[in-house]
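# Architecture and fold: a report
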Amino acid sequence: MEVYKEIRRLQLGGVTSQRQAARLLGISRNTVKKYWDGNAVPWEHQSYERVSAVMTPEVIAFINVCLDEDEREKIKKQRHTARRIYQRLKEECGFTGSESSVRRVVHDMRATRKATQVYVPLRFAPGDSIQINWGEATVYMNGEKVKVNLFCARMCHSCAPYVIAYYRQNLESFLDAIIHTFQYFGGVPRRLIFDNARAAVKSRFGAHAAAQDDYKQLSAHYGFEPVFCNPSSGNEKGLVENLVGYIRRNVCVPLPRVKDLDELNGKLLEKCTQYLEHQVEGRPNKVGVMLTEDRKCLQPMPRYAPDVSKKLYPVVSRYSTVTVETNRYSVPCCCCGKQAVVKAFPNHIEVWIGNKLVARHDRLFGRREEHLDLQHYLPILAQRGRAIRYARPVQSAVPAEFLNWLDSQDLKAKQMVELLEMCADKGYAAVMRGAVPIPDTPPVEDPVTVPAVDLGAYDALCGKGAAAS
């Protein structure tokens, strides 16, 4: 700093020779020349970039091709590393430079590409839009570790969340979740922003996506516009992407232990309600206050809530069952052979014959499983007593201890069936300890009286009467 000050003082003081200034200050003439006219200062240093002789335009172009291929394929675990690019350069281009030089260039080029992905901050009007997405979580249900699917929704203006869990991400769950979301917020937004999941999209993607017919019908009924994001563009629905992670961390850690899906959904709803007291950074008010603004601007709900179940039309089999996605469900045995209508809801199925609901079961999600209701088979078992001990509806519903007790009793088929019916109300233990009397089988009275028959006319016809006289 002092040397620079003296050089500038001599130049401004009238010394016209740089050589003379160097001699007076006892420094190099090159130093005097550098600072003589004030075109540079010693406290600012320009960066120096050495041009590598081996990093030719052809090499740079090859690296760009490799990085372009990674972006096009979008497979994170199978993308080019800097080492792999270096190996390919040696094998395919005869590259003679070092691996470190390639690493440096690849690092800089990736940083430049990432920097060009600029995200524009967005602002949504109250009631205008809602973002939805699916996520997965693991919970303990009845002591068993189960994977559930979380349908997450978030209002774009207020950031208010709503989350509901299902066993599967199928179409009926998707449509059911949307209806529950509208009911929770008390109205319908103008736009619903989602990705290109198969449950919603029939073909193509993004702005050119064609919605599934059922989703299109739901949007027409509720009056919202389906908006689809571009592939691998989580930033287009960043609000709900963040919600998925928030719920996993704040509800599902540690793993929840619940009795059933209803209890889990109760916990999720409680967390969504608590979030209304939160204030999101950059927002003027708490989430709950801004949700009030959202609700004032939502479109009204239609009076009719559509049936979004999946419809199937099987014939009841000879085993008195209907099949849904390889799984079998029982119906009353009097329905055998009849045409049925099965309504598959997200978590249960209903079986209708004509306009009558004849059976309802929790939905099975495995393959080739069965749900057999013992009550559906009792009328036929009353006629086939020997089948009771070996009937699958009995074995799946009745404790083995009770079956052994039945074997030890001298009972007729009708008595055993009546006891099984009583167990539904009183319990198996009560029947076994004698709290419920064993039904008596009334004696069978023969109501038919056979009168005596006079065979004289027959004997006369055969000639026996004449011979006898």
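Residues numbered from 1 in each chain as written. Predicted model: local features only at pLDDT ≥ 70, side-chain atom pairs only at ≥ 80, totals over all residues. Heavy atoms only, no water.

### Describing the sheet that holds strand β15 (residues 370-371)
What the three strands build is an open sheet, ordered β10-β11-β15; its pairing is mixed. Edge strands, defined here as strands with exactly one partner in the open sheet, are β10 (321-324) and β15. Summarising the sheet, strand β11 (residues 327-330) and β15 pair through two bridges and their orientation is parallel. In the sheet register, R328 faces β15, and the bridge partner there is E370. (Pairing = 2+ DSSP bridges. Helix = DSSP H or I, 4+ residues; strand = E, 2+ residues; numbered from the N terminus.)

### As for a positive patch on the surface
Side chains of R19, R23, R29 and K33 sit close together on the surface and give a patch of like positive charge. Those elements that provide at least two residues to the positive patch are α2 (18-25) and α3 (29-35). You can see R19 is positioned in helix α2. Taking relative accessible area as the criterion, R19 reaches 52% and is therefore assigned exposed. (Patch = residues over 30% accessible without salt bridge, like charges linked within 9 Å, V, L, I, M, F, W, Y side chains within 5 Å. Areas by Shrake-Rupley, 256 points an atom, 1.4 Å probe, with all protein chains shown as cover. Salt bridge = Lys/Arg side-chain N within 4 Å of Asp/Glu carboxyl O. Lys, Arg positive; Asp, Glu negative; His and termini not counted. Charge placed at Lys NZ, Arg CZ, Asp CG, Glu CD. Buried < 20%, exposed > 50% of the residue type's maximum accessible area, 1.4 Å probe, protein only.)

### Side note on the pairing of β10
Taken residue by residue, a regular strand's side chains alternate between the two faces of the sheet. Bridge analysis of β10 against β11 gives four bridges, and the strand direction is antiparallel. Bridge pairing links T321 to S330 in β11. The hairpin turn running from β10 into β11, its antiparallel successor, is two residues long, and E325 in that turn takes a positive phi close to 50 degrees.

### A short note on the nonpolar core
Counting residues in each nonpolar core, the largest one holds 43 residues, and the members touching the most others are F151, F174, I178, F185, L192 and Y215. Of all the elements in the fold, those that place two or more residues in this core are β1 (129-141), β2 (144-155), β3 (161-166), α7 (171-185), β4 (191-194), α8 (213-222) and α11 (287-297). Tallying contributions element by element places α7 first for this core, with seven residues. Discounting chain neighbours no more than four positions away, the residues touching F174 are I132, W134, F151, F194, A199, A200 and Y215. (Core = buried A, V, L, I, M, F, W, Y, C linked by side-chain atoms within 4.5 Å. Contact = heavy atoms within 4.5 Å.)

Any link to function would need more than the numbers given here.
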